[in-house]
Amino acid sequence: MTNQTLKVEREGAVAQVTLNRADVRNAFNEAVIAELTATFAELGRDASLRAIVLAAEGKAFCAGADLNWMKAMAGYSWDENHADASKLAQMLWTIYSCPIPVIARVQGDVYAGGVGLVSVCDIVVAVESAGFCLSEAKLGLLPATIGPYVIRALGEQASRRYFVTAERFSAAEGHRLGLVHELAADAAALDEKIAALLAAVSANGPAAVKACKQLVQDLAHQPITPPLRDDTARRIADIRASSEGREGVQSFLNKSKPSWLA
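For clarity, every value in this text was computed on a predicted model and none was experimentally measured.

J.: I tried to follow the sheet that holds strand β8 (residues 131-133) on my own but got confused; where do I start?
T.: Taken together, four strands build an open sheet; the order of strands is β4-β6-β8-β9 and the sheet is mixed. Pairing within the sheet leaves two strands with one partner each, and these edge strands are β4 (60-62) and β9 (168-170). Recorded for the sheet is a direction-independent mean angle of 20 degrees between the axes of neighbouring strands. Judged from the three bridges that link them, β8 and β9 form a sheet pairing that is antiparallel. When the bridges of β9 are listed, F132 appears paired with F169.

Right, here's the structure in full:
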């Protein structure tokens, strides 16, 4: 992949995608959105990958929309605005629906659309000094395209507050509310926590991890109906009968290592 705004690195079964526009606090523009969409679509098709780390260069993780991009959008018609916003919506969905677990390495402040970018990740680790802000209302706008993901990650009640106040909140508050899974004192501690999470994910069956991620997305907020209960029974039957499931159970019973740990 050839990218102008991202760095994509591979080490073993882990890929790291790094926002590489530190001079503009890794703000979004058309190129960032297009490259993130294409990169995660391609990585999602790589059966050898076990995890993806989404990181950023510089002091900020993502400052939301790029100022020059916003200036261009100021003159857009409704149709042009809709087409532009649809590309951002597709980028968010591509990362959210990526079958491979995505871990956000949040080393600095996160604003507006950046909060959406964090929210589509499966696991979020942030330094304690990072701040978050859904700042759209300050500009007379609203966090619409990122809304479905932020509300899932932050919670409905907290979203009611921070959408309408556009207040900044700390990483500690984000952790309390569930947006952030782990806090780190500094960059070194951040990397240690990321490494531990990567080791944990990689110790599990590759197909099982993808199925677990999909299971959460499919079951969240669904009523527990007879069809849903049958669906879950079918899913466990499928994976028990799979070669990976059979190997995993036999390895546990025989006290041996499965092939993904060999």
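J.: Is there a simple way to explain the sheet that holds strand β1 (residues 6-11) in this structure?
T.: Either a parallel or an antiparallel arrangement is found when strands of a sheet pair, and the pairing is made through backbone hydrogen bonds. The mixed open sheet is built from six strands, whose spatial order is β1-β2-β3-β5-β7-β10. The sheet is open, and its two borders are formed by β1 and β10 (182-184), each paired with just one other strand. Neighbour to neighbour, the strand axes of the sheet diverge by 20 degrees on average, direction disregarded. As paired elements, strand β7 (residues 123-127) and β10 share three bridges and run parallel to each other. Paired with V127 across the bridge in β10 is A184. Running at roughly 175 degrees to strand β5 (residues 102-106), helix α8 (residues 187-202) makes contact with β2 (14-19), β3 (51-56), β5, β7 and β10 of the sheet.

J.: Honestly, unusual backbone geometry in this entry has me stumped. Any pointers?
T.: Phi is mostly negative for residues that are not glycine, and the peptide bonds are mostly trans. Phi at R25 takes a positive value of approximately 55 degrees, unusual for a residue other than glycine. With respect to the helices and strands, the residue R25 is situated in the loop between β2 and α1 (30-44). Given a relative accessible area of 38%, R25 falls into the partly exposed group.

J.: What exactly am I supposed to notice about the pattern of salt bridges here?
T.: Two side chains of opposite charge can pair, provided their charged atoms sit close to one another. This model, assessed by the stated rule, comprises 14 salt bridges. The residue R10 makes a salt bridge to D46 at a minimum N-O spacing of 2.9 Å. With R10 in strand β1 and D46 in the loop between α1 and β3, this pair connects stretches of sequence that are 36 residues apart. Owing to a relative accessible area of 23%, D46 belongs among the partly exposed residues under this scheme. We note a salt bridge from K193 to E182, for which the minimum N-O separation is 3.6 Å. Of this pair, K193 sits in helix α8 while E182 is found in strand β10, placing the two residues eleven residues apart along the sequence. A residue is classified by how much of its surface remains accessible, and K193, at 29% relative accessible area, is partly exposed. Taking relative accessible area as the criterion, E182 reaches 33% and is therefore assigned partly exposed. One connected set of salt bridges, linked through shared partners, spans R25, D109 and R168.

J.: Help me out: how do you make sense of helix α3 (residues 78-96) in this one?
T.: The periodicity of an α-helix, 3.6 residues per turn, causes residues three or four positions apart to be oriented the same way. Helix length check: α3 (19 residues) gives 27 Å between terminal C-alpha atoms against 27 Å at 1.5 Å per residue, within 8%. The complete set of buried residues in α3 reads D84, L88, M91, L92, T94, I95 and Y96. Each element contacted by the buried residues of α3 is listed here: α1, α2 (67-73), β5, α4 (113-119), α5 (147-154) and α9 (206-219).

J.: I keep staring at the pairing of β7 and nothing clicks. Help me out?
T.: By the criterion of burial, β7 is predominantly enclosed, with five of the five residues buried. Judged by which residues are buried, β7 turns out to be covered on both faces: I123, V125 and V127 on one side and V124 and A126 on the other are all buried. Across four bridges, β5 lies against β7 in parallel orientation. Paired with R105 across the two strands is V125, which belongs to β7.

The rules behind these values
- Residues numbered from 1 in each chain as written.
- Predicted model: local features only at pLDDT ≥ 70, side-chain atom pairs only at ≥ 80, totals over all residues.
- Heavy atoms only, no water.
- Pairing = 2+ DSSP bridges.
- Helix = DSSP H or I, 4+ residues; strand = E, 2+ residues; numbered from the N terminus.
- Axes fitted to C-alpha atoms, helices over the stretch in contact; angles between N-to-C directions.
- Contact = heavy atoms within 4.5 Å.
- Buried < 20%, exposed > 50% of the residue type's maximum accessible area, 1.4 Å probe, protein only.
- Salt bridge = Lys/Arg side-chain N within 4 Å of Asp/Glu carboxyl O.
- Expected span 1.5 Å × (residues − 1).

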